[in-house]
2 protein chains.
Amino acid sequence: MSNIAKYVFNHTMIRVKDPKPSLKFYQDVLGMKLITSSVNESANFTLYFLAYVDKVPETKEEQMKLAFSIPGVLELTHNHGTESDSKFEGYASGNKEPGRGFGHICVAVDDIEKACERFEQLDVNFIKKLKDGKMHNIAFITDPDGYWIEIITNPIYGKAPI
Amino acid sequence: MSNIAKYVFNHTMIRVKDPKPSLKFYQDVLGMKLITSSVNESANFTLYFLAYVDKVPETKEEQMKLAFSIPGVLELTHNHGTESDSKFEGYASGNKEPGRGFGHICVAVDDIEKACERFEQLDVNFIKKLKDGKMHNIAFITDPDGYWIEIITNPIYGKAPI
């Protein structure tokens, strides 16, 4: 039988309306790297695979090997045309009805105060700033589609969020 | 400023109706380990953190440190009462309207043929079996809430899915 001990929680997939602002956000604001992408011409979609990696391999084969073997990969699915379809109403964040279910992804940072200051400078949208509510050690921002991203302190660098 | 190079895509959160079948599924079927859980009595919810780790630390502090520092963590949120509320209609998978947006999580395995055989033996629900459709190197199963889980071959052990 297959060896469960070798299983990897490889990626999380979310659909995005327009890859341009999404790729800009995940790369420039959150600092992920685009490992690779894959166009499916017949089904009219493109997949983008991002992760926190030191370096993106040069060959497509090595990019694919990396994208599908490590944990912590974010897959963005772009169904061609949504970016310019005036009738497209956008995707559900998962955090309100109808469509409640998926909650968020979470990025652990080294210094949450400074990270949130930077997000504010970059005009990132906040669902919850550090000072809001009772928990002053977590923040929630949104990506260009409105998906929630929790920001916490990585306990390697500071106090765990709970 | 904060050091973006130290950021980690730590976890993905989904809401679950009943933690008992969900924890059984992610542990017994998919082989993740429950690192820690956290009850919020005032807000009536419990969080469960699962991941593929060799060993779960013994102390709560070490469990929290692990759960919030590594990539590839799955957070299950259980809002108390949904498991016995006959009016609760369940959570949206994200893959159909209303509520389309979130797509799936993906587990990379060592031997996809044998992994899928085992899932069938365990009566796991399939959205797409290996033989279905055009792509015979990916499968989709669902968890107890109906969230989609893509199963691929980890390219360390075989051919990359695309």
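Residues numbered from 1 in each chain as written. Chains lettered and ligands numbered in written order. Predicted model: local features only at pLDDT ≥ 70, side-chain atom pairs only at ≥ 80, totals over all residues. Heavy atoms only, no water.

The name given to chain A in an unreviewed UniProt entry is Lactoylglutathione lyase, with Umbelopsis vinacea as the source organism. Quoted verbatim from the Pathway (unreviewed entry) heading of the UniProt record, the comment on chain A is "Secondary metabolite metabolism; methylglyoxal degradation; (R)-lactate from methylglyoxal: step 1/2." UniProt, in its Sequence similarities (unreviewed entry) section for chain A, records the words "Belongs to the glyoxalase I family." (UniProt positions renumbered as here; feature names shortened; annotations may be inferred.)

Engineer: Help me understand the nonpolar core, please; the structure alone is not making it clear to me.
Structural biologist: Most often, soluble globular proteins keep nonpolar side chains buried together rather than apart. With 67 residues, the main nonpolar core has Tyr26(A), Leu30(A), Phe119(A), Ile151(A), Tyr26(B), Phe119(B) and Ile151(B) as its most contacted residues. If you look at the next biggest cluster of nonpolar residues, it comprises 18 residues, including Leu47(A), Ala51(A), Phe68(A) and Ala108(B). (Core = buried A, V, L, I, M, F, W, Y, C linked by side-chain atoms within 4.5 Å. Buried < 20%, exposed > 50% of the residue type's maximum accessible area, 1.4 Å probe, protein only.)

Engineer: Just to check I follow, could you spell out the state of the cysteines for this structure?
Structural biologist: Covalent bonding between the sulfur atoms of two cysteines is what defines a disulfide. The final tally for this structure, using the stated rule, is 0 disulfides over all chains. Here Cys106(A) is not cross-linked by a disulfide; its sulfur's nearest cysteine counterpart is in Cys116(A), at 11 Å. (Disulfide = S-S within 2.5 Å.)

Engineer: Sorry if this is basic, but what is going on with the UniProt feature "binding site: Zn(2+)" (unreviewed entry) in chain A here?
Structural biologist: Residues given the UniProt feature "binding site: Zn(2+)" (unreviewed entry) here are Glu75(A), His104(A) and Glu150(A). One can find His104(A) in strand S5 (residues 102-109). The residues contacting His104(A), other than those within four sequence positions of it, are Phe140(A), Trp148(A), Glu150(A), His11(B), Thr12(B), Met13(B) and Glu75(B). Of the polar contacts made by the side chain of His104(A), one reaches the side chain of Glu150(A); its length is 3.0 Å. Structurally, Glu150(A) is set in strand S8 (residues 148-153). Here Glu150(A) is in contact with His104(A), Ile105(A), Cys106(A), Val107(A), Ile138(A), Ala139(A), Phe140(A), His11(B) and Glu75(B), once residues within four sequence places are set aside. (Helix = DSSP H or I, 4+ residues; strand = E, 2+ residues; numbered from the N terminus. Contact = heavy atoms within 4.5 Å. Polar contact = N/O pair within 3.5 Å; in protein donor to acceptor, adjacent residues only side chain to side chain.)

Engineer: Help me understand the relation of the copies chain A and chain B, please; the structure alone is not making it clear to me.
Structural biologist: In this structure, two copies of a chain are linked by a rotation about an axis accompanied by a shift along it. Mapping chain A onto chain B calls for a screw motion: a turn of 180° about the axis and a shift of 0.0 Å along it, with 0.0 Å RMSD after fitting. This pairing of chains is accounted for by a two-fold axis. When C-alpha positions in chain A are compared against the rotation axis, the closest is assigned to Gly99(A), at 1.8 Å. Here 100% of the contact residues of chain A are again contact residues in chain B; the copies associate through an equivalent surface. (Least-squares fit on C-alpha atoms with pLDDT ≥ 70 in both.)

Engineer: What exactly am I supposed to notice about the packing of aromatic side chains here?
Structural biologist: Where two aromatic rings form a pair, the distance of their centres and the angle of their planes describe that pair. Within the structure shown, the criterion is met by 13 aromatic pairs over all chains. Here Phe25(A) and Tyr26(A) contribute two aromatic rings whose centre-to-centre distance is 5.0 Å and whose plane-to-plane angle is 90°, an arrangement assigned as edge-to-face. Among the residues examined, Tyr26(A) registers a relative accessible area of 0% and is labelled buried. Arranged with centres 4.9 Å apart and planes meeting at 70°, the rings of Phe88(A) and Tyr91(A) form a pair that is edge-to-face. Per residue, the accessibility class of Phe88(A) equals that of Tyr91(A), and both read buried. Members of the aromatic cluster, each reached through a chain of ring pairs, are Phe102(A), Tyr147(A), Phe102(B) and Tyr147(B). Sitting over the ring of Phe126(A), Lys129(A) keeps its end group 5.5 Å from the ring centre. (Phe/Tyr/Trp six-rings, centres within 6.5 Å; stacked < 30°, edge-to-face > 60°. Lys NZ or Arg CZ within 6 Å of the ring centre and 35° of its normal.)

Engineer: Please clarify how the sheet that holds strand S3 (residues 45-51) of chain A should be interpreted in this entry.
Structural biologist: Note on sheets: strands pair through backbone hydrogen bonds, and any given pair is parallel or antiparallel. If you trace the 8 strands from one edge of the open sheet to the other, you get S2(A)-S3(A)-S4(A)-S1(A)-S5(B)-S8(B)-S7(B)-S6(B), paired in mixed fashion. Edge strands, defined here as strands with exactly one partner in the open sheet, are strand S2 (33-40) of chain A together with strand S6 (126-128) of chain B. Within this sheet the neighbouring strands show an average axis-to-axis angle of 25°, counted without direction. When strand S7 (residues 138-142) of chain B meets strand S8 (residues 148-153) of chain B, the two strands line up antiparallel, connected through 5 bridges. For Ile138(B), the partnering residue across the bridge sits in S8(B) and is Ile152(B). (Pairing = 2+ DSSP bridges. Axes fitted to C-alpha atoms, helices over the stretch in contact; angles between N-to-C directions.)

Engineer: Would you mind showing me how to read the interface of chain A and chain B here?
Structural biologist: Interface size, as often reported, equals the accessible area lost upon joining of the parts. Taken together, the 65 residues of chain A in the interface contact 65 residues of chain B. Taken over both partners, the interface formed by chain A and chain B buries close to 5400 Å², and the fraction arising from carbon and sulfur atoms is 63%. Our count for the contact surface shared by chain A and chain B stands at 0 salt bridges. At the boundary of chain A with chain B, the tally comes to 31 residue pairs in polar contact (both at pLDDT 80 or more). Where the side of chain A that touches chain B is concerned, the elements lending two or more residues are strand S1 (8-15), helix H1 (19-29), S3, helix H2 (60-67), strand S4 (73-79), S5, helix H3 (112-121) and S8 of chain A. Within the side of chain A that touches chain B, the residues separate by chemical class into 37 nonpolar, 17 polar and 11 charged. Summarising the sheet, S5(A) and strand S1 (residues 8-15) of chain B pair through 6 bridges and their orientation is antiparallel. If you follow Ala108(A) over to S1(B), its bridge partner there is Val8(B). (Buried area = accessible area lost by both parts, 1.4 Å probe. Salt bridge = Lys/Arg side-chain N within 4 Å of Asp/Glu carboxyl O. Nonpolar A, V, L, I, M, F, W, Y, C, P; charged D, E, K, R; others polar.)

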